[in-house]
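Overview (structure and organization)
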Amino acid sequence: MDKRPYILVVDDDPDILDGILAVLESQPYRLQTARDGKRCLEMMDVERPDLLILDLLMPRMDGFAVIRFLRENPPTTSLPILVLTTVVEDASRRGMN
């Protein structure tokens, strides 16, 4: 079994994914990507990451919904999530407070 930290990067913008991967690939991480929130959760059913890097605005299921789902389910309430987005909107207006 691979003991390297597993990071799941979720963003629908291929340029953003490429940029994040370019930085992280120089480190000893196992990296996977998803293009939307639904695919992210499907992948997490197979293996829970050590860190989730998450965009907020995506098709099918946005990052706000992913965070709500993860925080409401005991196995993932303490999963570290790094939100990386261009959204300027105040997150508290979306129920993320």
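The structure contained in this document is the topic of the report that follows. (Residues numbered from 1 in each chain as written. Predicted model: local features only at pLDDT ≥ 70, side-chain atom pairs only at ≥ 80, totals over all residues. Heavy atoms only, no water.)

**Brief notes about the sheet that holds strand β2 (residues 30–34)**
With respect to topology, four strands assemble into an open sheet ordered β2-β1-β3-β4, the strand pairing being parallel. Two strands bound the open sheet, and with one partner strand each, they are β2 and β4 (81–83). The sheet shows a mean angle of 20° between the axes of neighbouring strands, direction not considered. For strand β3 (residues 51–54) and β4, the ladder comprises three bridges, and the chain directions are parallel. The partner of Ile53 across the bridge, within β4, is Leu82. (Pairing = 2+ DSSP bridges. Helix = DSSP H or I, 4+ residues; strand = E, 2+ residues; numbered from the N terminus. Axes fitted to C-alpha atoms, helices over the stretch in contact; angles between N-to-C directions.)

**What about the pairing of β2?**
One ladder, built from five bridges, connects strand β1 (residues 6–10) with β2; its direction is parallel. When the sheet's bridge partners are listed, Tyr6 is paired in β2 with Arg30. Crossover β1 to β2 through helix α1 (residues 14–24) is right-handed. (Right-handed = clockwise from strand over helix to strand, strands pointing away.)

**Looking at the packing of helix α2 (residues 37–46) against helix α3 (residues 63–72)**
Remark: α2 packs on α3, axes separated minimally by 9 Å, with the N-to-C direction vectors making an angle of 30°. The orientation of α2 relative to α3 falls into the category roughly parallel. Every pair of crossing elements has a handedness; the one defined by α2 and α3 is right-handed. Together, Gly37, Cys40, Leu41 and Met44 of α2 and Val66, Phe69 and Leu70 of α3 make up the contact between the two elements. Class assignment of the residues belonging to the contact of α2 with α3 gives a composition of six nonpolar, one polar and no charged. (Parallel < 35°, antiparallel > 145°, perpendicular 65-115°, else oblique. Left-handed = near helix turned anticlockwise from the far one by under 90°. Contact = heavy atoms within 4.5 Å. Nonpolar A, V, L, I, M, F, W, Y, C, P; charged D, E, K, R; others polar.)

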